[in-house]
Amino acid sequence: MIKQTIENISQYVPLVFPLNHYVASNPLWDCIDRPIEEATQDPELGFKVSPTLILDDYYRFYCDKKIGKNALRQSIDEFVKQQFELGAYEPTGACDITSSLLFDFMTDSSIVRFSSKSETQKPLLISQQMSESEFDEPYFKIKQQCLDYLTQFSTGTERNFDTFWRPLVRTRGKLWANVVDSLTEDELANIASLLNQLGIPENTHKAYCLQAIWQFKGWAGLYKCKRRFPQTTADLNLASIEQILTLWLTHELVSLRANKVKNPLCFEFTQDSHLTHFHSLWVAFCKRACENLSQTSQAFIQSNAQALKVSEQQIAWIWQRAIELTYQNDLEKTLNKPTVQEKPASDQEAAMVFCIDVRSEAMRRAIEEVAPIQTHGFAGFFGLTYSVAGQNDTAFQYPPLLTDASPIRADVDRTPCCPYEQGAAKAISSSKKQVLSPFSLFDLGGIYASIALVFKNLLPQGQTACTNESYHLHINDENIDNLVMVAKSVLQTLSMDKKRPKLIAFCGHKAHTTNNPFQSSLECGACGGHAGTSNAVIMCQILNDTRVREKLKEHGITLIHDELFIPAVHNTTTEEITWPQETTDLSKEQQGRIKQLKENVKQACKERQKQKKSSLPHPRALNKRANDWAELVPELGLINNSALIIGPRSKTQATNLEGRAFLHCYDQEQDDDGSILESIFLGPVVVAHWINSQYYFSTTDHINYGSGNKTTHNIVPNIGVMQGNLSDIQVGLPTQSLFYRNERIHLPLRLFVYIYAPQERIDGIIAKHAPLKQLVENHWIVVKAASNQQQMSALKNKETG
Amino acid sequence: MLITCKTIVNLLHQLDLKQITMTIPILDYTILPIGLTLKFSLDNLSLIMLCFVGFIGSMVLLFAWRYMKHDIHRYRFHFQLVCLIFSVFLLVLSGNLLTAFIAWQLIGASLYVLLNHYHYHPIANKSAKKKFIINRIGDLCFLTAVVLCIATYQSTDFSLLAAPSSTNATILGLIFIAVMTKSAQFPFHIWLIDTMEAPTPVSAIMHAGVINAGGFLLTRLGSYYLEFTSLMLIIFCIGITTALLGQLLAQYENDTKKRLAYSTMGQMGFMILQCGLGAFSSAIFHLIAHGFYKAYLFFNAGSTLNKTTYAKTPNKILLPLIMTALIVFVAFFASTQLAIKTIDSPILVVFIAITLFTILRSGASCLKSLCILSLVSFVILFVYLMAIGGLSDTLQIDGHFTLKHEVITIMISIIALALLGIVYYRRKSPYIRRALIEKCSIEAQYRHFILNPTRKVGDVLIRGLMPLNKPLKLLIAAIVVALLATQNLFVMMALCILVLLIANRAARLKSIIFNIVIANLMIIAIVWASASPIAPKLAVYQLVTFASLLLGLALLFIPRNLGKTPVIKQNTLPWGHFYASVILFFLIGVPTTPSFVTELMLFLDLVTQSPFYLVLFSMIMLLLSLVVLHTLQTYFFNPSKIEHFNRPISPVVHLSSIVIIVFNLMVGIHPSLLFNLIQY
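The model shown is predicted, which means the values in this text are computed figures rather than measured ones.

## Brief notes about the state of the cysteines
Residue and element names in this part refer to chain B.
Now for step 1: All told, the structure shown has zero disulfides over all chains when counted by the stated rule.
Now for step 2: Considering cysteine sulfurs only, Cys149 is the nearest to Cys141, which forms no disulfide, with 16 Å between them.
Now for step 3: Residue classification places Cys141 among the buried positions, given a relative accessible area of 15%.

Structure representation (structure tokens):
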């Protein structure tokens, strides 16, 4: 019973990656087996996050024509049909009348829309019933313990959560000692007995536990994430949700006993009054509408339409679907316009392969406008699964979803430019850590900080990295077969196995920000929240390797000596493209080609910088943004991402996608058995969904899934950020990435996957993999095949299945 | 390097301002028989401090200008920041105790407002309140000192404190308590750690600038403190306790900002310690250097996410030790040869040696790097010594502490104890450390012994009064009136305290306001009953201004219907809330408000009567500010809390609120405007 409760509530704990490799993730990833509408609220558990914007916002979008009339009608039709099918009504024309009525209801300007979200009435925990200041204490103490524990854990001094907190708590007094002594090793039994002692009835156990753990969802999520994607074997021993719950329950029991609360159980739910209120509005509207209608219609409305259960949440979902449809229909229309004749590949001397990231899209357009250079989109890790040992920890340069991948080890050379810098930094940091030495340290060195203050405030540019990094992969007999397969699949996916330009640049991307703890959220999501530089470098190294090329011949891919692969890095903050680890000893022709490419790219970058500068809030030189330590919005990252287009570039080349679409190249003719599409579905689609849903939920429910205001963030080194003095570890994206002066700048739309492939092939792949099937069926993403006009929405799926 | 040092020294030598003073008649308190004036003076110390505060202030403003770009209320924030910086300027330029006190309070008030920038955030409110209340304790001590000075000398000039009398000792002691609250010294440090809920620039200016006010004030009065050896000893002990405790606690914090906060606490302790040794120029230098460093660290706090942990190098002890000794010896020898007056306190030299030793030990991986590091350290130390020498010559305040050997023994014993403690700490498992920190938590003791009992008394009173029926309540009211009629100061004050205790625990806004009104009326009665020659006039003055504020509050309370309720943006304070907050804030005795005038006058009167009344009245003022801040936090700062004020305000109410606020400000700054009108 208790076990099931814990399993149930732990689904709702979001995955939180440590901020130094912050991978975007769907906070409700464990709930995708339910429809998104149900996963975001569970009345039985008292769980409710807001998955949509407020009605007022949608109505304003509608007035501004951001939501099209047709899309709204379509969305309402879908909803009404679904409702009637569920309710087993089938009078002819019933749907039409109801939908037009609902349309009038939703677009009626006189209807009162709630200006603020109704606050969900969460059940009160026991400590919350005591006065505010007393509540703070257990709440803060536990957070302090979670923080201390994790720091101890990472240094290896303490591994077990229980042996960490129990002796500490025992020292607080007799009351504490009594409770702690009664605890056993069995966590489930502990929880059961503590719940019992608290006097919480069994039917509210789940709700109570969820409510309790929800206060520490950041810490619990961090532990959960580390346990699921362990970096070291020790990570598997991290504290579990049960252990945190036991800690909380102990605090509750002690404060209950200490305060002698007479009636401990005020733990109950209150119904959301807004729900019923909204329905009454609808009924009243129907009655008013009846006056101008014929008898039959009136009778119909009274019997059917009024019975339609219309809640605020449902109306919001209709609006949300409508705004998504508006975007999707527009996108489809522009994509299906007859395109300009594709330039023959022969006169394209060079090609560049970019990450699928939405920020690459604008850059690719800029490059294509400047010169006839082919550009391709490919997931930024280029199919390589390897790890790089850093100074502190190992960086896994691929999506954490690929848990079964066994990473190849790559080496990194870091040659510091100034060798004494590290020694000085070490001397200062260790003398800061002592008890007696910092006093005179501030005296002796403090004055020089004034110079740094002046320079950093007045001249933000001019700080250069102090290390040169170069990456190497040792290609040996053991891993060569593996690498050849990777190279082959990359070339096949890019349709380059037969014919290709002589110069191909693999372009990873990185972000360059100063003083920004969220730097890694701007880096390449497919590279596990790291810069994609090393992936590009190593991919080129593999493809240029003579042994690999020989082996590739066996697979029918012949790379001649003249063909060259060079790495490039796209800096998404400053919109510059740099060329790391340049190869020497090249032929004159090759050098000429490289020079030409670089010149073209440079020009394209300039164009792109001009565009970008004007599109950001408070226009400012990109370079200054990147280098200024007071800049909270260095770049907007993947803002407004809403679609993933899988298909050849020729289809999308003519369209300005406004940096809103992920682009993955795919040629259905090259992929006879569908294996390439399958790997795209399992990697890039899910990665794009994770990114998209992180932005989505951080915007719609910023309180629960956003990480709050950057100005008050307090960093826990190597772990994450807290808000202010001491708080939960923050989940999701900060306010400044999504809002600007109280205005929302991200429009939350669920991911629209648009594929240039036959419908049957897509259906086959989706049916094969359970998570994909769940994502599509439960409306987490929308998948549509370009060749087939039939929308493969979840509704259809439900009909057929 | 040497040339720069020489220029620094020369510059400091040339800096020889004769004290420029000016008296400003705008703020006059001529209503009293004795003359109370504001006095500003500019001498070397204030000039150096002006430069420092100006530099840090402009850096923070520059940073904040870009940092807060996304914030819809950024202009308000910048304005408040400028206000704070100007209050610090005022303190630096103050020429007598009264001016210093007024600046002192203005700093506290503007910092309170800044810390509440995210006013809808309950934790921010709470920490700001805690800071304000603790500072209020210091403020009241400072006020007592000022009043004592006036009562004794009829003036508040700093120079009056030169005589080694017991009154002066009391005055200086009271001022030191104020310094302790402002500079987060040992028992009062608890507010510092919690104030992280404000934007980073606020933390930067607070930790780099404002918190140094205590050290500055001690230096300003340095030559007078030197007369009282026992006082210096206390200062020294408080300083060293704070320093060690702060640094010790900083070791066990895992997040960046709290670690920085504890480090500030430790550094402030060190500054006070330097003052306690009579090395005032060192303290000023420390204050400046620490300010630069801390501002830098706070600005840079966002980049501490990826903290590199350095591999441990084998611990060498002997060679670094020899090098340290050599560096220190050569540096001091060279400076004496150059006839530069440097640090003459062995304790400070020990601290320098410890730092150098740690740097050399951990930074030097080989002999070559050890040599380079030693050379760099030597140059830095030499520059420091020369700068200190120059500063000392310019300021001319350093004293020779006569009880040095006594202090040294005390210090050595404390350090030994602390070191033992550290060794003990290190050996034990981490949870023991946290347990010890929890046990040593001063805050828990405050809560347990002071806060909770007062709350309990309030609760008991409320619970006791609740079930009474009307006649009984009337009877009690009659008794209260009768007691008031006796004009007994003690009875009135005690009743006032009880009323405020009730207000502190009242559950509804109306009853809180009602109790505040009652308490204020009682204060007016106390003023009336006081023995001061201008008591009746003062009472009328207080009554008029209080009535005007009450009128303003009532206007805001009147129910009105002006159409649709506007959309509440959580981070925007509606006008109704804003006016109400300002009006309530005017009640608690912040300078430039009428309540301050009353408070000052009453203090002046009570100081001649008995210290007991003074304490009681201080308690009243403290409780009043507690209640008012509590009300602001619970009902006015969070727009979603109370729907009443969310309605739009009619232009009439706007106008009248502004008129009332301006009137109160004018009368508060220039009381004779109203006083001359009152005929008695």
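## Things to note about the nonpolar core
Now for step 1: Counting 241 residues, the largest nonpolar core has Phe142(B), Ile175(B), Tyr225(B) and Leu381(B) as its most contacted members.
Now for step 2: Beyond its immediate sequence surroundings of up to four residues, Tyr225(B) is in contact with Leu172(B), Ile175(B), Phe176(B), Leu218(B), Leu231(B), Met232(B) and Ile235(B).
Now for step 3: Core analysis: the second largest hydrophobic core is formed by 121 residues, Ile36(A), Cys225(A), Leu245(A) and Val686(A) among them.

## A word on the environment of Ala366(A)
Residues and elements named next belong to chain A.
Now for step 1: Relative to the helices and strands, Ala366 resides in helix 17 (residues 358-370).
Now for step 2: Residues Ala366 and Leu441 lie 75 residues apart in sequence; the distance between their C-alpha atoms is 51 Å.
Now for step 3: When sequence neighbours within four positions are dropped, the list of residues in contact with Ala366 reads Ala604 and Arg608.

## Re the pattern of salt bridges
All names here are of chain A.
Now for step 1: Under the criterion given, the structure shown has 36 salt bridges over all chains.
Now for step 2: We note a salt bridge from Asp57 to Arg744, for which the minimum N-O separation is 2.5 Å. On the criterion of sequence distance, the pair formed by Asp57 in helix 3 (residues 55-63) and Arg744 in strand 17 (residues 743-744) is long-range, its members being 687 residues apart.
Now for step 3: Owing to a relative accessible area of 9%, Asp57 belongs among the buried residues under this scheme.
Now for step 4: Judged by relative accessible area, Arg744 falls into the partly exposed class, the value being 25%.
Now for step 5: In this structure, the salt-bridge partner of Lys768 is Glu678, at a minimum N-O distance of 3.1 Å. Note that Lys768 is positioned in helix 30 (residues 759-768) and Glu678 in helix 27 (residues 675-700), a separation of 90 residues in sequence.
Now for step 6: Residue Lys768 is classed as exposed on the basis of its relative accessible area, which comes to 56%.
Now for step 7: For Glu678, a relative accessible area of 16% puts it in the buried group.
Now for step 8: Here the salt bridges do not stand alone but share partners, grouping Asp357, Arg359, Glu575, Arg608, Lys612 and Glu635 into one network.

## Some points on a nonpolar patch on the surface
Now for step 1: Residues Ile451(A), Phe455(A), Leu458(A), Leu459(A) and Leu62(B) make up a contiguous nonpolar surface patch of about 460 Å² in total accessible area.
Now for step 2: At three residues, helix 19 (residues 438-458) of chain A tops the list of elements feeding residues into the nonpolar patch.
Now for step 3: Within the secondary structure layout, Leu459(A) lies in the loop between helix 19 and strand 8 (467-472).
Now for step 4: With relative accessibility at 48%, the residue Leu459(A) sits in the partly exposed group.

## Concerning the packing of helix 19 of chain A against helix 2 (residues 44-67) of chain B
Now for step 1: Where helix 19 of chain A contacts helix 2 of chain B, the two axes come as close as 10 Å, and the packing angle between them is 30°. One element, helix 19 of chain A, and the other, helix 2 of chain B, form an angle in the roughly parallel class. As helix 19 of chain A packs across helix 2 of chain B, the resulting crossing turns out to be left-handed. Contacts between helix 19 of chain A and helix 2 of chain B involve Ser450(A), Leu453(A), Val454(A), Lys456(A), Asn457(A) and Leu458(A) on the former and, on the latter, Phe55(B), Ile56(B), Met59(B), Leu62(B), Phe63(B) and Arg66(B).
Now for step 2: Across the contact of helix 19 of chain A with helix 2 of chain B, the residue classes tally to eight nonpolar, two polar and two charged.

## Describing the confidence of the model for chain B
All names here are of chain B.
Now for step 1: For chain B, per-residue confidence averages 82 on the pLDDT scale, and residues scoring 70 or more make up 85% of the total.
Now for step 2: No element of chain B has a lower mean pLDDT than helix 1 (residues 2-14), which averages 55, and none a higher one than helix 3 (residues 74-93), which averages 93.
Now for step 3: Among the prediction metrics, the complex's ipTM stands at 0.90, with pTM recorded as 0.90.

## What to know about the side chain of Asp728(A)
Residue and element names in this part refer to chain A.
Now for step 1: Looking at the secondary structure, you find Asp728 in the loop between strand 15 (720-723) and helix 29 (735-738).
Now for step 2: Buried charge without a partner: Asp728 forms no salt bridge, and the closest opposite charge is Lys217, 4.6 Å away.
Now for step 3: A distance of 3.2 Å separates a polar side-chain atom of Asp728 from the backbone nitrogen of Trp219.
Now for step 4: With residues near it in sequence (within four places) discarded, Asp728 still touches Lys143, Trp214, Gln215, Phe216, Lys217, Gly218, Trp219, Val721, Met722 and Gln723.

## Some remarks on the sheet that holds strand 4 (residues 374-378) of chain A
All names here are of chain A.
Now for step 1: Taken in spatial order, the five strands make up an open sheet running 4-3-9-10-11, and their pairing is mixed. At either margin of the open sheet sits one strand with a lone partner, and together these are strand 4 and strand 11 (576-578). Across this sheet, the average inter-strand angle for adjacent strands is 30°, counted without regard to direction.
Now for step 2: Bridge count between strand 10 (residues 564-571) and strand 11: three bridges; the pairing is antiparallel. By the bridge assignment, His570 is partnered in strand 11 with Ile577.
Now for step 3: Those strands touched by helix 22 (residues 533-544) are strand 9 (503-510) and strand 10, and its axis lies near 175° from that of strand 10.

Each value, and the rule that gives it
Throughout, a residue's number is its position along its own chain's written sequence, starting from 1. Whichever chain is written first becomes A and whichever ligand is written first becomes 1, with later ones labelled in order. Where local features are concerned, this predicted model is filtered to residues with pLDDT of at least 70; where side-chain atom pairs are given and counted, the filter is 80 or more; whole-chain, interface and lining totals use all residues. As a rule here, side-chain values cover all heavy atoms of the structure and leave hydrogens and water aside. Our working definition of a disulfide is a cysteine sulfur pair at a distance within 2.5 Å. Throughout this description, buried means an accessible area under 20% of the type-specific maximum (1.4 Å probe, protein chains only), exposed means over 50%, and partly exposed covers the range between. Nine residue types can take part in a nonpolar core, namely buried Ala, Val, Leu, Ile, Met, Phe, Trp, Tyr and Cys, and a core is a set of them joined through side-chain atoms within 4.5 Å. Here, two residues are considered to be in contact whenever any of their heavy atoms come within 4.5 Å of each other. A run of H or I in DSSP becomes a helix once it reaches four residues, and a run of E becomes a strand once it reaches two; helices and strands are each numbered from the N terminus. A pair is scored as a salt bridge if a Lys or Arg side-chain nitrogen falls within 4 Å of a carboxyl oxygen belonging to Asp or Glu. Surface patches are defined over residues having more than 30% relative accessible area and no salt bridge, joining like charges when they lie within 9 Å and nonpolar side chains (Val, Leu, Ile, Met, Phe, Trp, Tyr) when within 5 Å. Using a 1.4 Å probe, accessible areas were evaluated by the Shrake-Rupley method; residue-level cover was limited to the displayed protein chains. Only the stretch in contact is used when fitting a helix axis, every axis being a line fitted to C-alpha atoms; angles between N-to-C directions are given from 0 to 180 degrees. Angular relationships are summarised with four words: roughly parallel below 35 degrees, roughly antiparallel beyond 145, roughly perpendicular across 65 to 115, and oblique for the angles in between. In a left-handed crossing the near helix is turned counterclockwise from the far helix by less than a right angle, and in a right-handed crossing that turn is clockwise. Following the grouping adopted for this structure description, the nonpolar residues are Ala, Val, Leu, Ile, Met, Phe, Trp, Tyr, Cys and Pro, the charged ones are Asp, Glu, Lys and Arg, and the polar ones are all others, Gly among them. On a scale of 0 to 100, pLDDT captures the predictor's confidence in every residue. Working convention for charge: Lys and Arg count positive, Asp and Glu count negative, and His plus the chain ends are omitted. Whenever a nitrogen or oxygen atom comes within 3.5 Å of another N or O atom, the pair is scored as a polar contact, on the condition that within protein one atom can donate a hydrogen and the other can accept it, and that pairs from neighbouring residues in sequence are kept only if both atoms are in side chains. In this scheme, strands are said to pair when DSSP sees at least two bridges between them.

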